Amino acid sequence: MISSRRSPFAGFATLMSLAAALVLTGCGKKDAAPAPAGATTSASSTFPGMEADLAATMKAQSDFYRTAPLSAIPADLKWETGAELPEFSDPNAKEGGTFRYYIADFPRTLRTIGPDATGGIRPYLLDFVAINLVHAHPNVANAAFPGLAREWAADPKTKTVYFRLDPDARFADGKPVTTADIVFSFYFFRSPHLRQPWYNDFYTKTFSSITVYDAYTVAYTLADWKPDAVLRAGADNSIYPRHFFSEFGPDWLDKYQWRAAPLTGAYELTDANVEKGRSITLTAVKNWWARDKKFWRHRYNPARYRFDVIREPDKIFEAFTRGDLDLFRLDQPKFWYESLPDSHPLVASGYITKTKFFNRIPRPSYGLWINRTKPALDNRDIREGLHFATNFDLVCSQYFRGDARRLDGQSDGYTDWDVGPGIRARPFDPVKARALFSRAGYTEQGPDGILRNAAGQRLSFTITTGDQTLRDPLSIIQQEALKAGVEYKLEVLDRTTGFKKVQEKNHEIGLVALASSVEVYPRYWETYHGSNAYEDAYLRPDGSFTDKASEGTPNPAPKKIRVQTNNMTETFVPEMDRLIESYDRAETFAAMKPLSARIEELIQNDAAWVNGWQLPFHRAGYWRYVKWPATYNVAHSRYPDEFFLHWIDQDEKKAVEDARRSGRTFPAQILTFDQFKK
Amino acid sequence: MKLLPRFLSDPQTKKKFARFRAIKRGYYSFLVLAGLTVLAIVAELLVNNRALVVRYEGEWFFPTYGAIHTGKEFGLDYAYEVNYRDLDARFKADGGRNRVVLPPVPYSPLENCYVGETFRPRPPDWSKGHYFGTDQINRDILARLLYGFRNALLFSSGFFAMTYLLGIVFGCLMGYFGGTFDLIMQRVIEVWSNIPFLFVVIFVASILTPNLGLLLVIVGLFSWMSMTQYMRTSTYREKSRDYVHAAEVLGASTGRIIFNHILPNVLSTVVTFIPFTVAGAISALTSLDFLGFGLPPPTPSCGELLRQGTANLNAPWIVISAFTALVLVLSLVTFVGEAVRDAFDPKKFTTYQ
């Protein structure tokens with residue numbers, strides 16, 4: 001998945017079913033981007049065919065698609081192989097068996113890219129399974145281990161990363177992976193026929209060129225250099241088989257709607273294993289090329305991975321306890337404490353194991369995003385008062401039963417990254433809130449218990465969200481806010497509408513979370529830079545507008561609100577903008593960290609984002625015969641099975657089945673793994 | 001307009017009411033329903049976290065309706081609304097002359113009834129006054145049902161008024177004028193009826209957060225068409241009667257003929273539909289709330305409880321309470337409806353005016 005993708009509400013992943021959450025993790029930025037320069041836009045009737053169009057595109061964009069002889073590679077590069085990194089799978093893993101799981105909805109397509117492709121099945125077809133050039137090590141921050149690339153070298157001077165492909169690498173249909181496939185993948189991502197503007201935009205802006213040296217050597221030149229450039233170049237971009245997409249063109253959506261592409265991962269999906277509307281079964285690729293490679297061995301152990309379509313979480317739970325499913329995610333307190341308590345017969349008798357695993361990932365930024373362009377909310381005292389008036393502490397302690405924790409700041413959860421000294425969420429305190437409101441002129445309490453100012457305006461704000469599952473937390477903070485004399489009106493909209501309202505800055509307060517994929521450092525530009533609040537944020541000396549604080553002076557009275565951006569607080573603080581620009585230019589962690597801490601401090605002082613909550617773990621229940629490594633999972637796992645470290649112990653499965661018939665029991669297993677807990 | 005008093009004082013109508021009273025099931029259902037409606041109207045006196053009467057330091061308070069009283073007014077240290085249950089306990093412990101009289105069920109439909117404890121559904125607890133238990137964020141189910149019922153009643157009265165007004169006006173006009181107007185209106189109605197109403201409501205509700213009024217307008221706009229058909233045919237029939245011609249000859253205006261002469265004679269058809277309209281409105285509101293497209297949280301409603309109940313099957317008291325309440329109300333309304341239909345059966349009585 002692409003690391004820069006931050007998407008609405010996806011963070012509820014930790015509470016909702018995997019499927020629903022992933023729909024959003026993938027959907028990315030909604031703004032349409034212009035088609036890449038020079039791309040062919042010929043209509044279907046005149047489309048010359050994929051290979052001819054690819055050749056024409058390469059010719060037209062020869063400064064992007066480059067070729068060079070092997071001798072052109074600098075000799076002084078330091079080639080890396082990731083060999084020094086530890087493996088994270090368990091050598092005792094046993095292959096075979098069928099792992100039975102669920103998806104909440106049958107996918108609308110089997111494509112893994114293009115419209116509707118970001119459904120619940122996509123991670124199992126692509127993100128969790130397919131192999132990219134390199135992969136981020138899930139226990140070590142900013143470390144790469146080999147995938148399709150056997151070796152790689154970074155050259156910060158030229159902003160280029162070189163890759164040597166593994167000659168063993170094969171697609172599921174046995175065809176070798178070569179640089180021709182890489183060239184195709186870039187053409188594919190940048191083509192307007194893909195019908196996914198976000199990809200077009202990303203692959204036009206992120207990379208300035210790719211250079212092919214021979215069938216197994218390639219280099220990516222990035223537009224910006226960052227400390228994690230190797231991962232950005234190698235780990236975040238999928239490689240698609242050129243031969244399979246030979247019919248790609250303007251009508252490719254129709255042609256490829258129900259054809260799963262053969263990719264490089266351990267599983268494949270064949271037509272025979274798709275039961276439309278009912279189930280999907282992945283099967284292990286025969287003689288998978290990476291079966292014995294370091295970092296890939298002892299993973300992807302089940303021979304078959306079956307997904308049944310079950311829509312309701314309660315029904316999924318019933319199917320799980322009946323023994324029809326092997327694993328069920330217990331992230332929701334309701335399931336962990338009520339439906340499957342430790343005293344549940346299946347748990348007490350040891351048939352089902354309950355496991356809680358503390359992971360280390362960037363947390364979805366749950367919180368109240370206060371739109372300061374709305375009346376009263378431009379007053380910092382009111383905003384800070386709302387911090388003290390919003391009882392997320394109660395939501396954490398009593399609704400999430402102490403499992404959730406307040407977010408310290410926007411960058412909470414990043415490995416090796418501190419939010420900043422002393423930056424913490426403000427606790428619920430109606431007295432402090434009232435003092436601040438009173439300072440802002442809201443001194444009188446009306447007959448309804450809501451504070452008013454001298455002009456008779458009530459302290460009443462609407463909270464907008466697009467997440468139906470947030471009804472209860474919202475109802476809780478609404479009742480609590482009355483203690484501070486604030487009225488919250490609740491507006492629970494449909495997912496898309498809710499997010500759109502916030503992105504168009506029509507909200508007063510939005511309860512929204514932006515989720516990011518597991519990346520190394522936080523980003524601030526999208527959410528806090530003034531150019532994402534106003535189109536005319538800065539003035540050049542000649543009076544024209546610019547987006548950069550470094551190029552001009554702040555516009556004293558900006559008027560044009562920039563919509564469709566993630567600056568949902570409409571923050572426009574010139575000092576912060578200069579810091580963000582320096583942060584984005586910084587090329588080392590040492591330079592970035594102090595800037596990040598200062599930015600977090602400004603965010604805290606500015607008080608436009610009321611820190612929400614995070615669930616710092618994933619939890620699951622699974623049948624006893626599902627086995628895991630001794631450490632259970634890896635630090636950067638978002639879901640229990642994301643890295644496919646588990647296996648089915650066939651003998652144990654039989655033993656459990658026999659025991660259930662005979663009534664024999666096992667010792668109960670309720671496990672907590674907190675080796676990565678902060 | 002003197003339409004209603006005239007309709008009610010009509011001896012034929014009186015006969016119909018007598019017949020209605022004779023149909024026992026419907027009549028008793030009506031009494032129960034009327035009783036429930038009265039309870040819902042004065043819900044604040046029965047189910048409420050505000051006390052009925054407080055006597056504090058010789059002063060009397062009646063907090064049920066009107067402005068809130070803060071904790072500070074009763075010598076406590078907080079500026080928000082006083083918790084009367086705590087106040088009651090405190091006064092009792094003090095043993096002084098201060099008194100609090102709480103309603104029979106001392107909980108509001110919105111508040112967290114287990115302060116300081118986990119949010120989870122709790123089974124009925126008669127000692128605490130949670131006769132139907134609490135929902136997933138510790139709110140009293142009985143309170144939510146009663147206030148939800150009140151919302152449903154409000155909604156269905158508004159719905160009835162709106163659809164009948166539109167339906168009767170358009171139906172009468174179509175029947176009376178006939179010809180091109182009738183033809184065009186019929187086509188318009190056909191097209192309008194073919195719009196799937198639930199989808200439109202869901203669509204609109206997902207863009208705007210509906211309040212009771214807006215929801216009423218949206219649902220009402222798509223529900224008045226069937227009434228026009230009945231009114232149209234009845235008016236057609238009445239129009240050819242001699243008394244209408246007589247009125248025309250006497251120079252009565254169109255409005256007068258429709259509303260003073262024709263309408264009273266077709267009203268009996270309308271009356272029989274009312275209970276079923278009410279039942280339909282309650283079901284519509286419940287299903288919208290169930291789907292999450294109804295009234296915004298935390299508005300109490302039966303549909304919202306059903307939704308919670310189906311998501312918490314391990315807390316059966318939620319779904320049982322909501323389901324029973326819904327079935328009870330809908331059955332009562334339907335029984336009344338059947339009785340009205342029998343009592344007003346035009347085959348038994350025909351009126352000419």
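Engineer: Explain the overall build of chain B to me, using residue names and the numbers behind them.
Structural biologist: The helix and strand inventory of chain B stands at 14 helices and three strands. Projected onto the principal axes, the alpha-carbon positions of chain B cover approximately 85 × 45 × 35 Å. The 353 residues of chain B split such that 39% are buried.

Engineer: Tell me about the packing of helix α6 (residues 141-177) of chain B against helix α12 (residues 254-291) of chain B, residues and numbers included.
Structural biologist: Residue and element names in this part refer to chain B. Running from N to C, α6 and α12 point in directions that differ by 140 degrees, and their axes come no closer than 8 Å. Here the hand of the crossing between α6 and α12 comes out right-handed. In this structure, α6 uses Ala152, Phe155, Ser156, Phe159, Phe160, Thr163, Tyr164, Ile168, Cys172 and Tyr176 to contact α12, whose residues at the interface are Ile258, Ile262, Leu263, Val270, Ile274, Thr277, Val278, Ala281, Ile282 and Leu285.

Engineer: How would you sum up the nonpolar core? Please name residues and give values.
Structural biologist: All names here are of chain A. Among the nonpolar cores identified, the biggest contains 111 residues, and Val134, Val161 and Val230 are the most heavily contacted of them. The dominant element in this core, judged by the number of residues it contributes, is helix α4 (residues 179-190), at six residues. Other than its neighbours up to four places away in sequence, Val134 contacts Ala144, Phe145, Pro146, Gly147, Ala149, Trp152, Val230, Leu231, Gly234 and Ala235. Residues Ala389, Leu470, Leu514 and Trp609 belong to the second largest nonpolar core, which totals 76 residues.

Engineer: Tell me about the environment of Asn371 of chain A, and name the residues and values.
Structural biologist: All names here are of chain A. Looking at where Asn371 falls in the secondary structure, it is placed in the loop between β16 (367-370) and α11 (380-389). Between the alpha carbons of Asn371 and Ala668 there is a distance of 50 Å; along the sequence they are 297 residues apart. Residues contacting Asn371, with those up to four places away along its chain left out, are Leu377, Lys505, His507, Glu508, Ile509, Met568, Thr569 and Glu570.

Engineer: Run through the interface of chain A and chain B, naming residues and quoting values.
Structural biologist: With 30 residues of chain A at the interface, the matching set in chain B holds 26 residues. Counting residues per element, the ones that place at least two in the side of chain A that touches chain B are α9 (333-339), α12 (392-399), α13 (430-439), α14 (471-481) and β21 (487-492) of chain A. Ranked by residue count, the leading element in the side of chain A that touches chain B is α14 of chain A, at seven residues. Taken together, the residues of the side of chain A that touches chain B break down into nine nonpolar, ten polar and eleven charged.

Engineer: Break down the pairing of β16 of chain A for me, citing the residues and quoting the values.
Structural biologist: Residues and elements named next belong to chain A. As judged from the four bridges shared by β16 and strand β22 (residues 509-512), these two strands associate in the antiparallel manner. For Gly367, the partnering residue across the bridge sits in β22 and is Val512. Taken together, the three bridges between β16 and strand β27 (residues 609-611) define a ladder with antiparallel strand orientation. When the sheet's bridge partners are listed, Leu368 is paired in β27 with Val610.

Engineer: Give me the sheet that holds strand β2 (residues 65-67) of chain A: which residues, what numbers.
Structural biologist: All names here are of chain A. Pairing is mixed across the open sheet formed by five strands, whose spatial order is β2-β8-β9-β7-β6. The open sheet has two edge strands with one neighbour each: β2 and β6 (149-155). Pairwise comparison of adjacent strand axes, ignoring direction, gives a mean angle of 20 degrees for this sheet. Two strands pair when backbone bridges link them, and β2 and strand β8 (residues 207-214) are joined in this way by three bridges, in the parallel orientation. Bridge pairing in β8 links Thr67 to Val212.

Engineer: How would you summarise the environment of Val626 of chain A if you had to cite specific residues and measurements?
Structural biologist: Residue and element names in this part refer to chain A. On the secondary structure map, Val626 appears in strand β30 (residues 626-627). C-beta crowding within 10 Å serves as the criterion here: with 24 such atoms nearby, Val626 is assigned to the buried category. Residues Val626 and Leu282, spaced 344 residues apart in sequence, show a C-alpha to C-alpha distance of 18 Å. In this view, Val626 contacts Asp326, Leu327, His646 and Ile648; residues no more than four positions away in its chain are not counted.

Engineer: Kindly report on the sheet that holds strand β32 (residues 670-673) of chain A, identifying the contributing residues and their values.
Structural biologist: Residues and elements named next belong to chain A. Here four strands make up an open sheet; going across it, the order is β14-β29-β15-β32 and the pairing mixed. Across the chains shown, the open sheet's two edge strands, defined by having one partner strand only, are β14 (327-329) and β32. Shown here is a sheet whose adjacent strand axes are inclined to one another by a mean of 20 degrees, direction ignored. Relative to strand β29 (residues 617-623), strand β15 (residues 352-358) runs antiparallel, the two being bridged by seven bridges. Bridged to Thr355 within β29 is Ala620.

Engineer: An account of the packing of helix α10 (residues 225-239) of chain B against α12 of chain B is needed here, citing residue identities and associated values.
Structural biologist: Residues and elements named next belong to chain B. Packing of α10 against α12 leaves a shortest axis separation of 10 Å and a crossing angle of 135 degrees. For the element pair α10 / α12, the angle class is oblique. Like other packed secondary-structure pairs, α10 and α12 cross with a definite hand, here right-handed. Where α10 approaches α12, its residues Tyr230, Met231, Ser234, Thr235, Glu238 and Lys239 are matched on the opposing element by Ile262, Asn265, Val266 and Thr269.

Engineer: Kindly report on the confidence of the model for chain A, identifying the contributing residues and their values.
Structural biologist: Per-residue confidence for chain A gives a mean pLDDT of 89; residues scoring 70 or more make up 93%. Below a pLDDT of 50 lies the segment residues 1-42 of chain A, which in the model reaches 109 contacts outside its immediate sequence neighbourhood of four places, other chains included.

Engineer: Can you break down unusual backbone geometry residue by residue, with the values?
Structural biologist: Cis geometry marks the peptide bond from Pro297 of chain B to Pro298 of chain B, where omega comes out at 5 degrees. With respect to the helices and strands, Pro298 of chain B occurs in the loop between α12 and α13 (302-311). Positioned with a positive phi, His298 of chain A is a non-glycine residue whose angle comes to about 60 degrees. Here His298 of chain A shows up in the loop between β12 (279-284) and β13 (304-309). With 21 C-beta atoms counted inside 10 Å, the residue His298 of chain A sits in the buried group. In this structure, Phe644 of chain A takes a positive phi of about 50 degrees despite not being glycine.

Rules used throughout
Residues numbered from 1 in each chain as written. Chains lettered and ligands numbered in written order. Predicted model: local features only at pLDDT ≥ 70, side-chain atom pairs only at ≥ 80, totals over all residues. Helix = DSSP H or I, 4+ residues; strand = E, 2+ residues; numbered from the N terminus. Buried ≥ 20, exposed ≤ 12 C-beta atoms within 10 Å, placed from the backbone. Axes fitted to C-alpha atoms, helices over the stretch in contact; angles between N-to-C directions. Left-handed = near helix turned anticlockwise from the far one by under 90°. Contact = placed C-beta atoms within 7 Å. Core = buried A, V, L, I, M, F, W, Y, C linked by C-beta atoms within 7 Å. Nonpolar A, V, L, I, M, F, W, Y, C, P; charged D, E, K, R; others polar. Pairing = 2+ DSSP bridges. Parallel < 35°, antiparallel > 145°, perpendicular 65-115°, else oblique. pLDDT = per-residue confidence, 0-100.

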